[in-house]
Amino acid sequence: MRSLYVRVVLTIIGVMALSSLFSFVLTNVYYQLYLKPENSERITEVAEEVQRFLEENLTSDEQYLNHIGQLGYQMALFVDGEEPQFYGGSFRDEQLPTSDVQRVMLGQTYNGVGETSGQLFVTGFFNNELRNTVGVPVLFEDDMAALFLRPNVEQQLGEFRSFLAVLVVFILLFSVLVVFVSTRYLVAPIEQLTRATKKMEQAEFELELPTKRKDEIGQLANHFSSMAQTIERQERLRREFVANVSHEIQSPLTTIQGMTHALKHEERTDLERKQYVEQIELESKRLSSLSRQLLTLASLEHGELNRNQCRVAEQWMDIVRTHAFRWREKELFVQTDFAESLIVEGDEQLLYQVWLNLFTNAVKFSKPEGTIRINGYQEDQDVIVKVEDNGEGISPEALPKIFERFYKEDQSRTSKKESNGLGLAIVHEIVTRHGGMIDVTSEKGVGTTFIVRLPRKKV
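An account of the accompanying structure is given in this report. (Residues numbered from 1 in each chain as written. Predicted model: local features only at pLDDT ≥ 70, side-chain atom pairs only at ≥ 80, totals over all residues. Heavy atoms only, no water.)

### Things to note about the sheet that holds strand E7 (residues 333-338)
- Pairing within the open sheet is mixed, and its five strands lie in the order E7-E9-E10-E12-E11. Sheet topology places E7 and strand E11 (437-443) at the edges, where each strand pairs with a single neighbour. With strand direction ignored, the average angle separating the axes of adjacent strands in the sheet is 10 degrees.
- Contacts from helix H11 (residues 348-365) reach E7, strand E9 (371-379), strand E10 (382-389) and strand E12 (447-455) within the one sheet, and its direction differs from that of E12 by about 170 degrees. (Pairing = 2+ DSSP bridges. Helix = DSSP H or I, 4+ residues; strand = E, 2+ residues; numbered from the N terminus. Axes fitted to C-alpha atoms, helices over the stretch in contact; angles between N-to-C directions. Contact = heavy atoms within 4.5 Å.)

If you want it as structure tokens, here you go:
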């Protein structure tokens with residue numbers, strides 16, 4: 001399997017090769033369409049200048065043609081009945097139709113540069129053939145002749161061609177080197193992310209990521225780092241959750257096991273047996289309550305809400321009435337104040353569980369002969385419910401943690417009150433699933449106020 005580094009390198013080199021090829025084709029097309037006519041015209045002017053000079057001057061024609069050849073031109077001179085004479089360098093292909101030679105001798109001009117059809121990858125300018133010339137009739141040593149002329153590209157551009165070849169070679173080598181180095185720089189953060197994922201598979205969350213980069217890789221690294229932190233936090237919560245569940249289950253089971261052993265193997269009075277049975281029943285209820293609350297949490301995470309019109313005031317009146325024995329036992333004063341037609345679009349059973357949990361907590365932690373105030377009203381498009389007691393209160397250190405699963409501010413105090421630390425976590429989850437929010441204010445020794453805000457309609 002090819003690595004990303006190899007793929008990127010091959011892709012860039014391929015793009016460079018295709019770009020070079022495409023550019024060369026375009027350059028050739030540009031020459032054929034625009035430069036070739038200009039080049040043909042320029043060579044024709046030179047040929048005609050040589051023609052005029054030979055006709056008007058009495059100097060040695062042979063010497064003059066040699067001089068022109070030294071200046072960077074290739075020439076072929078055809079005299080009737082004689083072999084062609086070449087000046088200024090030989091041609092790669094010396095073939096030329098006899099008809100073209102005769103036509104020039106009869107006074108016409110031959111334009112092979114302009115008339116030669118273009119070939120792919122080979123421009124006419126570099127095609128060193130006798131056909132790729134301009135031919136004019138000349139008077140050579142009192143005889144009519146045909147002179148074919150073209151620039152000697154090798155002589156005119158010899159040094160520059162070598163320089164250009166070396167330059168192109170160095171450009172290619174340097175480009176390939178830069179591609180290898182720069183691609184390594186581009187792929188390095190991807191490799192870091194790959195190593196990070198392998199570490200996360202082993203539950204290692206101490207990751208080194210290029211989070212300081214300002215490009216898309218840096219954004220990806222930042223998001224990946226945030227994801228790793230979230231997974232680490234969830235993993236920690238999962239382990240804590242398993243440990244807490246194990247502890248909450250193990251504690252009543254140990255109690256039940258010890259008491260059943262005592263009832264079975266030890267002599268006890270009827271009163272002691274009754275007390276043991278009552279304690280076993282109490283611990284069984286704790287286990288039943290724990291399993292029910294765990295199922296509620298699971299259903300909240302994966303289940304759908306059964307929404308309908310919930311009458312908040314009626315739910316609260318029902319809770320206060322059915323649990324009157326609890327608050328009357330502590331001689332509490334319960335004051336309710338609800339606006340008329342206070343309706344929330346939500347799951348009736350789950351919202352009932354929210355109100356019941358808040359009310360039982362208020363009763364549980366209120367001082368004897370204390371007061372519980374419950375207010376419900378509408379604010380804009382939200383329904384707000386406040387539950388206030390003047391009980392023990394919550395410490396500032398515990399306040400941010402009370403909605404965490406299995407959290408107990410005072411293990412000894414809550415254990416006596418049959419708490420497993422899941423009640424407020426369920427309340428928070430239910431309110432959140434309804435698109436609402438719950439807040440709490442408290443002062444140690446003064447009391448606690450829970451404020452639930454729910455949207456009247458589905459968000």
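### Some points on helix H13 (residues 423-433)
- Among all positions in H13, only Gly423, Leu424, Ala425, Ile426, Val427, Ile430 and Val431 are buried.
- The positive-phi residue at the C-terminal boundary of H13 is Gly435, with phi of around 80 degrees. (Buried < 20%, exposed > 50% of the residue type's maximum accessible area, 1.4 Å probe, protein only.)

### Structural notes on the packing of aromatic side chains
- Evaluation of the coordinates by the stated rule reveals eight aromatic pairs.
- Ring centres of Phe53 and Tyr64 lie 4.0 Å apart, and the angle between their planes is 15 degrees; this geometry places the pair in the stacked category. Of this pair, Phe53 sits in helix H1 (residues 4-56) while Tyr64 is found in helix H2 (residues 61-70), placing the two residues 11 residues apart along the sequence.
- Classification of Phe53 as partly exposed rests on a relative accessible area of 27%.
- In textbook terms, an aromatic cluster arises when at least three aromatic residues are bridged by ring pairs, as seen for Trp316, Phe338, Trp355 and Phe359. (Phe/Tyr/Trp six-rings, centres within 6.5 Å; stacked < 30°, edge-to-face > 60°.)

### Quick look at the side chain of Asp100
- Looking at where Asp100 falls in the secondary structure, it is placed in helix H3 (residues 98-105).
- For Asp100, a relative accessible area of 13% translates into the label buried.
- Not counting residues within four places of it along the chain, the set of residues in contact with Asp100 comprises Tyr110 and Phe148.

### Observations regarding the pattern of salt bridges
- Under the defined criterion, the tally for this structure stands at eight salt bridges.
- A salt bridge links Glu281 to Lys285; its shortest N-O distance comes to 3.9 Å. Of this pair, Glu281 and Lys285 both sit in helix H8 (residues 270-302), four residues apart, which is roughly one turn of that helix.
- For Glu281, a relative accessible area of 43% corresponds to the partly exposed category.
- Here Asp382 and Arg453 are joined by a salt bridge, their closest N and O atoms 3.3 Å apart. Placement of the pair is Asp382 in strand E10 and Arg453 in strand E12, with a sequence separation of 71 residues.
- Salt bridges sharing partners connect three or more residues here, namely Arg92, Glu129 and Arg131. (Salt bridge = Lys/Arg side-chain N within 4 Å of Asp/Glu carboxyl O.)

### Re unusual backbone geometry
- With phi around 55 degrees, Glu331 is a residue other than glycine that occupies positive phi space.
- Tracing the backbone shows Glu331 in the loop between helix H10 (324-329) and E7.
- Notably, Asp380 is not glycine yet its phi reads approximately 55 degrees, a positive angle.
- Relative to the assigned elements, Asp380 resides in the loop between E9 and E10.

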